[in-house]
Amino acid sequence: MHSRSILLFLARGVVGVSVIVAFLAIMDGLAWFQAPQDLNSHIEKRWSSLRKLHEAGEPVDVLILGDSHTYTGVNPKHLSAELGQTCMVLANNSMSWTDHYWTLREALEWCTPQTVVIETYGLDGNAPGSRSSAQLVNQIRVFEARKSPSLKYPAAWDLFTLDELAMGLSPTVRNHHFLWDSLELIGANMKHKGPRPLAEAEGLYLGRFIRFTTGLTNDTQARYDSAGPPVHGADLPIHPRNIEAARDIAALCKEHGITLIWLALPMYHRHVDGKEVWMQRVDSIRREVDEAIPFLELMTDSSLNARQEFFEDTYDANQHMTWQGSVMVSHRLAQFMDSLRGPEGINRFADTNWHRLMRESEGFYGFNAPLLPDSNVSVIFQNVRLKELEVKDVMRYHDPMLRKGMDYLQFRIHRWPDHLPQPETVQLIGSWEVLWPDKGRVRSPAVMEFIPHLSSRELTVFRCAISEQLELKRLSDLRLNLKQAKRAG
């Protein structure tokens, strides 16, 4: 009798739990308790963009995984333009490598990348059961944006503790407080009759989220003077779960024949001490996982970490890069990836479909001459010798990052002559005959600056901004101006 009572009790428990689970499943399907769309819904936009690319038959060649350091610090459109590949950032704020693994698993359902780049800031001390409430909220948002039915439950068991599981899986559990503080939101959700679709970006979106366009100020420099660095790299912990995820990511890439690259983005050199110890610890984990994994370590690179215009103006520990920093880092990453790419590597520079996809992106014509008719660009000269310079091309083009009413005038020069001053020490000045709508035909100089993030050993790039109203008629002279001489005068 006693054993029958226990069995009956257990049966009632199973039925009760089943009823609750069924009720939650129905309510979640109706989406009455779904949260309103985030005003900065870039997490959702990344996934909807990846799916749109897949549906359009557009391949994604490079995936970049990481956290907010990555989506502010890597510029995927500049990286794509320089590599001749389509590069997508799938990074989410506050996420550690435990989540990066599941991001990659789901991404592989929508694309077959040749390369995966993973930024190392998320190789940290945060993991399920060892994170702040704000990080848990971010984890839920990231988890919600991934929709693969086959991965939802395996990922949930890995990304949430038992106490967090119901809240992570069910918006009804998570947002039941709407009953007493947001009844109007429930009413609005009922009218939608189901979950709302993921937010979509206009045009081509490759995952960048531009937040900072100005660098460190003198006030923040004064904070460093008085209080020292806010981040102590030697003391930053790395959770064992993230090391385990590093092994899982490496194994997944190997299984799919994907080249895996580790990337450490920089922070300002006065913002963090113990950088070398921190990076040595990260590198030791890389070697434990697979010492053959290439590692581009930029944290200790003084050519980047000493440039205050490259970094967000903050003394908070979590410092990000500016747009200026992102294009320089993307250039360095592209050069590193290009050095690893063999003759079989993907190169879409001559692919008209790729040009059609990318040509309206920022940075595209900094690296590419047009293959298709495009009102945004004109090639003025191509493969000519001007004075002592072997010029690949002279182009005039519009770029989305330029202010309204302006174009770029750009010279790309084959291998800079050794006997001339270094490009960064000079301005390239072209004397042009131009036609202004209100002035008629006049002679005007175009003072062009060396652009490091567009230049390489093969090509040296100078450019300047000019008014779109100005019509270039004829180049009458070209000369160099030493910047030092100009300052002295």
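Residues numbered from 1 in each chain as written. Predicted model: local features only at pLDDT ≥ 70, side-chain atom pairs only at ≥ 80, totals over all residues. Heavy atoms only, no water.

**Let's talk about the overall build of the protein chain**
Here comes step 1: On a plain count of helices and strands, the protein chain comes out with 19 helices and 14 strands.
Here comes step 2: The principal-axis extent of the C-alpha atoms belonging to the protein chain is close to 105 × 50 × 50 Å.
Here comes step 3: Going through the 489 residues of the protein chain one by one, you find that 52% of them count as buried.
Here comes step 4: Taking contacts inside the protein chain between residues at least 6 apart in sequence as the whole, the part at least 24 apart equals 75%.
Here comes step 5: Counting only carbon and sulfur atoms, one obtains 54% of the accessible surface of the protein chain, whose full area is about 23,600 Å². (Helix = DSSP H or I, 4+ residues; strand = E, 2+ residues; numbered from the N terminus. Buried < 20%, exposed > 50% of the residue type's maximum accessible area, 1.4 Å probe, protein only. Contact = heavy atoms within 4.5 Å. Areas by Shrake-Rupley, 256 points an atom, 1.4 Å probe, with all protein chains shown as cover.)

**Concerning the environment of Phe411**
Here comes step 1: In this fold, Phe411 is placed in strand β10 (residues 406-414).
Here comes step 2: Note: C-alpha distance between Phe411 and Gly228 (183 residues apart in sequence) is 43 Å.
Here comes step 3: When residues no more than four places from it in sequence are discounted, the contact partners of Phe411 are Leu386, Asp393, Val394, Leu428, Trp432, Met448, Thr460, Val461, Phe462, Leu475 and Leu478.

**A closer look at the pattern of salt bridges**
Here comes step 1: Across all of its chains, the model carries 26 salt bridges by this definition.
Here comes step 2: As a salt-bridge pair, Arg146 and Asp99 come within 2.9 Å of each other at their nearest N and O atoms. In this pair, Arg146 is assigned in the loop between α6 (133-145) and α7 (149-159) and Asp99 in helix α5 (residues 97-107), connecting sequence segments 47 residues apart. The same class applies to Arg146 and to Asp99, which are both buried.
Here comes step 3: Because the salt bridges share partners, they merge into one network encompassing Glu433, Arg441, Arg443 and Arg474. (Salt bridge = Lys/Arg side-chain N within 4 Å of Asp/Glu carboxyl O.)

**So, the sheet that holds strand β11 (residues 426-436)**
Here comes step 1: Here 7 strands make up an open sheet; going across it, the order is β8-β9-β10-β13-β12-β11-β14 and the pairing antiparallel. Every other strand in the sheet has two partners, leaving β8 (377-386) and β14 (471-482) as the edge strands with one partner each. Going from strand to strand, the sheet's axes swing by 20° on average, the running direction of each strand aside.
Here comes step 2: Pairing geometry for strand β12 (residues 440-450) and strand β13 (residues 459-467), over 2 bridges, is antiparallel. Across the sheet, Phe450 pairs through a bridge with Phe462, a residue of β13. (Pairing = 2+ DSSP bridges. Axes fitted to C-alpha atoms, helices over the stretch in contact; angles between N-to-C directions.)

**A closer look at the domain arrangement of the protein chain**
Here comes step 1: Under the domain assignment used here, the protein chain contains domain 1 (1-25), domain 2 (31-340) and domain 3 (374-488).
Here comes step 2: Inter-centroid distance (C-alpha atoms) of domain 1 to domain 2 is 42 Å. (Domains from an automatic or database assignment.)

**A short note on the sheet that holds strand β5 (residues 259-264)**
Here comes step 1: Here we have 5 strands laid out as an open sheet, ordered β2-β1-β3-β5-β7, and parallel in their pairing. For this open sheet the edge positions go to β2 (87-91) and β7 (295-297), each flanked by a neighbour on one side alone. Each strand axis lies, on average, 20° off the axis of its neighbour in the sheet, ignoring direction.

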